Amino acid sequence: MTLTTAPRQTIIVAGLGYGDESKGATVDYLAAALPDVVAVVRWSGGAQAAHNVRHGHRHHTFSQFGSGTFCDVRTILRAPMLVNPILLVAEADALESQGVVDPLGLVTADANCLVTTPIHIAMNRAREIARGAARHGSTGLGIGETVAYDLAVRAHAKAGETIGNFAAPADAPSVPALRVGDLRDQAATVRALDALARYADPLLQAVDDPDAVCGTVQQLADELCASAEDIAIVDDLAGVLGAAMDAGTVIFEGSQGVLLDEWHGFHPHTTWSTITPRHLVGELEAAGRRPFVLGLTRAYSTRHGAGPMPTEDRRLQLPEPDNREGRYQGGWRTGHLDLPALRYAAKVAGRVDGVALSHVDMLPFASRSGVPLLVADSWNSRREPLGSPTHHDLAGLQALTRTAQHARPDLMPLSTDPCEVARLIDAAVGAPVVLIADGPQRSNRVLVGEMGSNRRAG
Amino acid sequence: MGRGYWDTSAYTQAAAARRAAGRQDFGYTAAMRNLPRNQRRAAASLDAYGAAAREACDSAEHPASTPIAVMFDVTGSMGQVPVTLQKRLPDLLGLLTRGGYATDPQILVGAIGDDRYDTVPLQVGQFESDNRIDEQLRDIYLERGGGGDRMEGYALAAYFLATRARLDSLDNRGRKGYLFIVGDEMNKPQLYAESVRRFIGDEVRQDMAVDEVYRMLDEKFFTYYIVPRLTSYYNEPWLEDHWRRIVGERFLRLEDPQAVCELIALTVGLMEDSISLEEGLDDLQRIGSTGTAAVGKALARINRGAAVAVATGGVLPADL
């Protein structure tokens, strides 16, 4: 199976690192290069995604809108993705100024998606402030809180009980967590927000956060419901998705990277979200589709914020137009190509049919700068030090983190020839490199198609 | 095509009715978005493929038609300007007729994209003298594409009008039409034969020089290029250099994108010798236009050209 310009493909784009593997630019390129793209589906993460797309004079950091938006391709938000309606409207405004017509008209949301509210964000920030130096590398957008609150409600958690690694600030209410479908009903929204506000109150009172949002639940409900008014909310998401896949090519845009997956990453420096496309692949196959999993990696490693990163090298100074220090997330880090991590990532992903390799222009750049990029084929002489992913318990996850923390990467020189690097990656992942990028623009990308033919998109 | 009188209130009423019925102004664009990219098409009234002609005819009702074509770039670099034009262009006919700037104006609207990268890079309506222009504007698909190479498919639109426009004003009275291209980028290096085949349907085998296409167009139209502010390349010298080589003095920079209609109306009025620039600007002031100053500034250079024309007896040299 390969990535071609054939009609009606189902493509899953998944990062094989810690995020920042050019998911946005790749999805934008595919939306332009594949002739019959009909929708981009966000299916994981939430508004913390920061997927950069650059095309000519246009640039946008996609957060909840799919990265095919510049091609006027619609976005489908599918649970378990978390929806932040207020930020969605703000993003629509930004897109409008980038020349996108009626951006909210492009959005269809699953009624079943959990809603992230300003209360969740305040809780997130309160916890990160309380943690001080022991930050988890959170983006501060309330992603974990949204998931944890829903779990707490469903588990009837009592005050002080631990949900994941979060302590419940109060007894969980009996009112279910707010979902996108509820936003069609003002009264239901008020009920859900009231319960959440009472739950959050002890946590928010305990920390002095100058940015804390103050407002009445009624105001919040008004704003959330109004924000949701201009998007299509559907109860039968499977039907909508099926119709789209019958009509043309659908791209599932993953968020973050599989090394941040809640069950396979280096706990606690992970995200509250399943990043691996395993479940998605299973569901699509059960529905009779044959998804192509496109794994993404740079020609080196990067990581935002805290957590193990064995090949990190602070001497590497590579230009990075988009990633800035996040106040709650911590610094931007760069490291050498890490094949043991990549091998593990490919296994975590479950299946990878092809690889998109980006940032190959940094290979000669680093070489010229005097600190060339290197490659680690093993850690402490072990090529697969992380073993095979299992459904880890907390102890197993912590063991994984220890292995990564104590890893001593065995670094070797790396060719500056993208084809050589592609061969290494091909062998590590067990799937061919099908797309190569030598810059941030759509026009920097090329699909290495069947029989060596290739195709550039504008 | 092109019968009936313009009634400004009809547009207002139609807009109100659409709002009342909850119908989006972007109805056609919204419909296209649900289709795979390669199945998106121009609306039938705007489809250039296989079209035989776009006619601006004299009739008993409109004995001395003045053809005015407005083609605007709808690619992403244009920012929100295409949406502004979609909203404002219905005012053009009213401005022309109320001011008496041109006899029996017939207006054609259309949209230009990128023939290399977009699905619908050419949409051309019909010459109309009533509020059917409003319908056609609403049916324009705002694809908002573009190749990121600072070049769009203007020459494809120029080729279409050069080969398809049938103007009674020219055939019966020797008067060319007016074409206003609103954009912010350059022509592709050539007019690609493949684009002509694919989007117009002519069996052309050879790419054509862009200059040659505009020479053909020049036999039928005075062509103006308007670049409004709030687009990506408004101030770029390369843009002006490129278009001045093609349209000469008729390259107009407009500070206020809201004032495109006023600029077009006054330009036509000046060239038809119906008004002086001062009279035109007074008219704009009187109707409360906020773009008066911008229009005055955009036309300052053209106006000097008009003065020369008047001095030669009110007949414009063919190559002005």
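Criteria and cut-off values
- Here, residues in each chain are numbered from 1, in the same order as that chain's written sequence.
- In the order they appear in the text, chains get letters beginning with A and ligands get numbers beginning with 1.
- Whole-chain, interface and lining totals are the exception, using all residues; otherwise, since this is a predicted model, local features are given only for residues with pLDDT of at least 70 and side-chain atom pairs are given and counted only at 80 or more.
- Water and hydrogen atoms were dropped before computing side-chain values, which therefore reflect all heavy atoms in the structure.
- The numbering of helices and of strands both runs from the N terminus, where a helix is a DSSP run of H or I of at least 4 residues and a strand a run of E of at least 2.
- Helix span, expected: 1.5 Å multiplied by one less than the number of residues in the helix.
- The angle between axes fitted to the seven residues ending at a residue and the seven residues starting there is what we call the bend at that residue.
- A 1.4 Å probe rolled over the protein chains alone gives each residue an accessible area, and that area as a share of the maximum for its type sets the label: buried under 20%, exposed over 50%, partly exposed in between.
- We call two residues in contact when some of their heavy atoms are within 4.5 Å.
- Put simply, two rings from Phe, Tyr or Trp (the six-membered ring, in Trp's case) pair if the centres are within 6.5 Å, and we call them stacked under 30 degrees between planes, edge-to-face over 60, tilted for the rest.
- When two parts are brought into contact, each loses some accessible area as probed by a 1.4 Å sphere; the total of that loss over both is the buried area.
- The term salt bridge refers to a pairing of a side-chain nitrogen on Lys or Arg with a carboxyl oxygen on Asp or Glu at a separation within 4 Å.
- Side-chain atoms alone can form a polar contact between residues adjacent in sequence; in general such a contact is a pair of N or O atoms within 3.5 Å, and within protein one must be able to donate a hydrogen while the other accepts it.
- Charged means Asp, Glu, Lys or Arg here, nonpolar means Ala, Val, Leu, Ile, Met, Phe, Trp, Tyr, Cys or Pro, and polar covers whatever is left, Gly included.
- By this definition, two strands are paired if DSSP reports at least two bridges between them.
- Lines fitted to C-alpha atoms define the axes, with helix axes restricted to the stretch in contact, and inter-axis angles between N-to-C directions lie between 0 and 180 degrees.
- Our arc is simply the arc of the directions from the helix axis toward the C-beta atoms.

Enquirer: Looking at this model, I keep getting lost on helix α5 (residues 186-206) of chain A. Mind explaining?
Expert: All names here are of chain A. Taking 1.5 Å of rise per residue, the 21 residues of α5 would be expected to cover 30 Å, and the 30 Å separating its terminal C-alpha atoms lies within 8% of that figure. For α5, the principal kink sits at alanine 200 and spans about 45 degrees; a proline, proline 202, occurs within the next four residues. All buried positions along α5 are accounted for by Ala188, Thr189, Val190, Ala192, Leu193, Ala195, Leu196, Tyr199, Ala200 and Leu203. As for α5, its buried residues are in contact with α3 (118-131), α4 (143-154) and α6 (217-229).

Enquirer: Explanation requested: the packing of aromatic side chains in the structure shown.
Expert: One pair of aromatic rings is described through two measures. These are the centre distance and the angle between the planes. Residues and elements named next belong to chain B. By the definition in use, this model includes 11 aromatic pairs over all chains. Between tyrosine 225 and phenylalanine 251 the ring centres are 6.2 Å apart and the planes differ by 10 degrees, which places this aromatic pair in the stacked class. With tyrosine 225 in strand β11 (residues 221-228) and phenylalanine 251 in strand β12 (residues 251-254), this pair connects stretches of sequence that are 26 residues apart. Using a relative accessible area of 0% as the deciding quantity, one classes tyrosine 225 as buried. With a centroid separation of 5.1 Å and 55 degrees between ring planes, the pair formed by tyrosine 233 and tryptophan 238 is classed as tilted. Take tyrosine 233: its relative accessible area is 6%, and that puts it in the buried class. Tryptophan 238 sits in the partly exposed class, given a relative accessible area of 21%.

Enquirer: Explain the interface of chain B and chain A to me, please; I cannot follow it from the model alone.
Expert: Listed by partner, the interface residues are 27 residues for chain B and 30 residues for chain A. With both sides pooled, the region where chain B packs onto chain A buries about 2000 Å², and carbon together with sulfur makes up 48% of that total. Summed over the shared surface of chain B and chain A, the number is 1 salt bridge. For aspartate 72 of chain A, the salt bridge is made with arginine 33 of chain B, and the minimal N-O distance between the two is 2.9 Å. Taken together, the links from chain B to chain A amount to 15 residue pairs in polar contact (both at pLDDT 80 or more). Classifying every residue of the side of chain B that touches chain A gives 8 nonpolar, 14 polar and 5 charged.

Enquirer: Explain the sheet that holds β11 of chain B to me, please; I cannot follow it from the model alone.
Expert: Whenever strands of a sheet pair, they do so through backbone hydrogen bonds, lying parallel or antiparallel. Residues and elements named next belong to chain B. Within the open sheet, the 6 strands sit side by side as β4-β3-β2-β7-β11-β12. Their pairing is mixed. Only two strands of the sheet have a single partner each, and these edge strands are β4 (122-124) and β12. Adjacent strand axes in the sheet meet at a mean angle of 20 degrees, parallel and antiparallel pairs treated alike. Where strand β2 (residues 66-73) lies against strand β7 (residues 177-182), 5 bridges are found, and the strand directions are parallel. Residue isoleucine 68 lies in a different strand from β7, and its bridge partner there is tyrosine 178. Contacting β11 and β12, helix α10 (residues 237-247) runs over the sheet at an angle of about 140 degrees to β12. Lying on the sheet, helix α11 (residues 260-271) is in contact with β2, β7, β11 and β12; it crosses β7 at an angle near 150 degrees.

Enquirer: Quick question: what am I supposed to make of the sheet that holds strand β17 (residues 409-413) of chain A here?
Expert: Residues and elements named next belong to chain A. Reading across the sheet, the 3 strands line up as β14-β16-β17 and stay open at both edges, with mixed pairing between neighbours. The open sheet has two free edges, formed respectively by β14 (337-338) and β17, since each of these has just one partner strand. Pairing geometry for strand β16 (residues 374-379) and β17, over 5 bridges, is antiparallel. Residue pairing in the sheet places leucine 374 in a bridge with proline 413 of β17. The strands touched by helix α9 (residues 339-349) within the sheet are β14 and β16, with β16 carrying the most contacts at an inclination of about 65 degrees.

Enquirer: Looking at this structure, I do not really get the environment of arginine 351 of chain A. What am I missing?
Expert: Residue and element names in this part refer to chain A. Tracing the backbone through its elements, the reader meets arginine 351 in the loop between α9 and β15 (354-358). C-alpha separation for the pair arginine 351 and isoleucine 231, spaced 120 residues apart in sequence, amounts to 33 Å. At a separation of 2.7 Å, a polar atom in the side chain of arginine 351 contacts the side chain of glutamate 285. Only 2.3 Å separates the side chain of arginine 351 from the backbone oxygen of proline 291, close enough to count as a polar contact.

Enquirer: I would appreciate a short explanation of helix α12 (residues 277-286) of chain B in the present structure.
Expert: Along an α-helix, residues three or four positions apart point the same way, because every turn accommodates 3.6 residues. Residue and element names in this part refer to chain B. Residues of α12 that are buried: Leu277, Gly280, Leu281, Asp283 and Leu284. The buried residues of α12 all sit within an arc of 150 degrees when viewed along its axis, so they share a single face. Along α12, the residues that are exposed and aim more than 90 degrees away from the buried face are Gln285 and Arg286.

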